[in-house]
Each structure stands twice: as structure tokens, then as C-alpha cells.
Amino acid sequence: MTSPRVNIHASADVAESAVIPDSTRIWHYAQVREDAQLGENCIVGRGAYVGEGVVMGDNCKLQNYALVYEPAVLEDGVFVGPAVVFTNDHYPRAVTPEGTLKRADDWEPVGVTVRAGASIGARSVCVAPVTIGRWALVAAGSVVVKDVPDFALVAGVPARRIRWVGHVGVPLEPDGDGRWRCPASGRLYEEIPGVDGAEPTLSEVTPTEVPQA
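Before going into details, it helps to say that this report is about the structure given with it. The structure presented is a predicted model; accordingly, all values stated were derived computationally and were not measured.

## Remarks on the pairing of strand S18 (residues 152-155)
Sheet analysis places strand S16 (residues 137-138) next to S18, joined by two bridges and oriented parallel. For valine 138, the partnering residue across the bridge sits in S18 and is valine 154. Looking at chain direction, S18 and strand S19 (residues 160-164) are connected through four bridges and run antiparallel. Its bridge partner lying in S19, alanine 152 is registered against tryptophan 164.

And the structure:
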């Protein structure tokens, strides 16, 4: 008989086909579905749900009661706050037009993609299909219905960009000539205007270009 894994709480429901490294922790009453793939050093909090085939990178945190429905993809270092929901259906219905219960093959799942380092605040809803950019920050209680640029801080219903943030997560301060500086780390970022009405984006200035303190 195989001994229980110490990194998975006895109350958790984890499918045998799920890939869970020994460095990843699954806590009370969490559910990880078939063929989900979790990276190293992840934390899946109490009551969280990881859908069938969901892919998570290394060092991700799913806080209590977060619901990550398939086919979501989370890159390395993603934070998903308490009670966050990732949807997976364009037009949800329980039944067909004929009134019969929908089956798995009666609809096409669509997913949420969260790029490396991004954070999703508590009780936010990400309506698939959307992509949350690298190191972006979604404020608590937001409803995300369109893609979020790298390093953007978005908030509201629907979520809109209100600030830029850096790797630390604190709002950036203007540094002149379209550049922004992190008051906590000193890292420098550059705003890139959007083309043909598209939203601007932000990128980190090459470290060799950052003035020395």
C-alpha cells in the first residue's frame, strides 16, 4: 500500500493522473482534477479548485477557494487571491435549446492565461478568453473582460488600467520622457504607445541603461 503523500492534505481530492511535485503543497478540501500539471513549489489553498488539464508553472499560489477552471494556463510566479474565479465558457447554459442537460462535448471550453509574475486580487472574476500580462496586477473585486497589458494595474467593473506597477507590485512614479520608476526598487520602465488605438504597454528598461544610484 502506498503511503499518503505528506505534501497533500488527507482531505484534498487529487486525481491520480494529476502531476504534483513533492515541493508543491495541496491544503484542506482542495480539488485537483485529472491531468492537471502543477510546477515546483506551488501552494493550493483550502477549498481551491484546479480544473482538468490546467497547467501551472513554478512558485504559483492559489489562495483559499480560488476556482481555476480548465483550460487555464498559469505561468511561473502567479498569485491568485482568495475566491478568485476563472471562467471557461463564452455563453454558459445548463441545458441545450431542447431542454436536455448539456454534456462535455456540447460546448467549447475557453481559458484564462496568466503570464509570469502577475497577481489577481481577491474575489476578482476573469472572464475567458483573456490574457493577464506579465507582472500585471488585478485589483480585488475586479471583473476582467479584456486582455491586460504587462505591468498594468487594472481595477473596476469592467476592469480598466488605472496605473502601472513594477516587479515589486507598488505603483510606479513618473520619471519623465515616458519613463516610470519603482519607488521601492528603483527599477526603471518605459511606456510604449499603442498603435492604431491600441492601449499602451510597458517594458523594463535594460538594466545597463538604468542610472546608477
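## Section: the sheet that holds strand S2 (residues 25-26)
If you trace the eight strands from one edge of the open sheet to the other, you get S2-S4-S7-S10-S13-S16-S18-S19, paired in mixed fashion. Of all the strands in the sheet, the pair left with one neighbour each is S2 and S19.

## Some words on the environment of leucine 188
Positionally, leucine 188 belongs in strand S22 (residues 188-192). Using a relative accessible area of 1% as the deciding quantity, one classes leucine 188 as buried.

## Focus on empty space enclosed by the protein
Applying the stated criterion across every chain, the model contains one cavity of 30 Å³ or more. In this structure, the largest cavity spans a volume of roughly 60 Å³. The wall of the largest cavity is formed by Val144, Val145, Lys146, Asp147, Val148, Pro149, Val154, Ala159, Arg160, Arg161 and Glu199. Of the residues assigned to the lining of the largest cavity, the class counts are six nonpolar, no polar and five charged.

## Concerning the sheet that holds strand S23 (residues 201-204)
Strand order in this open sheet of four strands is S20-S21-S22-S23, and the pairing throughout is antiparallel. Taken across any chain shown, the strands that pair with only one partner, and hence form the sheet edges, are strand S20 (173-176) and S23. In this sheet, neighbouring strand axes are inclined to one another by 35° on average, regardless of whether the strands run parallel or antiparallel. Where strand S21 (residues 179-181) meets S22, three bridges bridge the pair, whose relative direction is antiparallel. When the bridges of S22 are listed, arginine 179 appears paired with glutamate 190.

## Notes on unusual backbone geometry
Between alanine 128 and the following residue, proline 129, the backbone shows a cis peptide bond with an omega angle of 0°. With respect to the helices and strands, the residue proline 129 is situated in the loop between strand S14 (125-126) and strand S15 (130-132). For the bond running from valine 157 to proline 158, omega is -5°, close enough to zero to count as cis. Its identity as a non-glycine residue notwithstanding, alanine 83 has a phi of 65°, on the positive side. Within the secondary structure, alanine 83 is located in the loop between strand S10 (79-80) and strand S11 (85-86). Here phenylalanine 151, not a glycine, exhibits a phi torsion of approximately 65°, which is positive. Mapping phenylalanine 151 onto the fold places it in the loop between strand S17 (143-144) and S18.

So, how was this worked out
- Here the residue index of a chain counts from 1 through its sequence in written order.
- Note on the predicted model: pLDDT of at least 70 is required for a residue's local features to be given, and 80 or more for side-chain atom pairs to be given and counted; whole-chain, interface and lining totals, by contrast, use all residues.
- To get the side-chain values, all heavy atoms of the structure are used, and hydrogens and water are removed first.
- For two strands to pair, DSSP has to find at least two bridges joining them.
- In DSSP terms, a helix is any run of H or I states spanning at least four residues, a strand is any run of E spanning at least two, and both are numbered starting from the N terminus.
- Each residue gets one of three labels from its accessible area relative to the maximum for its type: buried under 20%, exposed over 50%, partly exposed in between, using a 1.4 Å probe on protein chains only.
- Two kinds of site are reported from a 1 Å grid over the protein atoms alone, namely cavities, where a 1.4 Å probe fits but cannot get out, and pockets, open sets with protein on both sides within 12 Å along at least five of seven lines, and residues are called lining when an atom falls within 4 Å of a point.
- Grid points are joined across faces, edges and corners, and a volume is the space filled by probe spheres set on the points.
- In the scheme used here, Gly and all other residues not listed as nonpolar or charged are polar, with Ala, Val, Leu, Ile, Met, Phe, Trp, Tyr, Cys and Pro taken as nonpolar and Asp, Glu, Lys and Arg as charged.
- Here the axes come from fitting lines to C-alpha atoms, over the contacting stretch only for helices, and the angles between their N-to-C directions go from 0 to 180 degrees.

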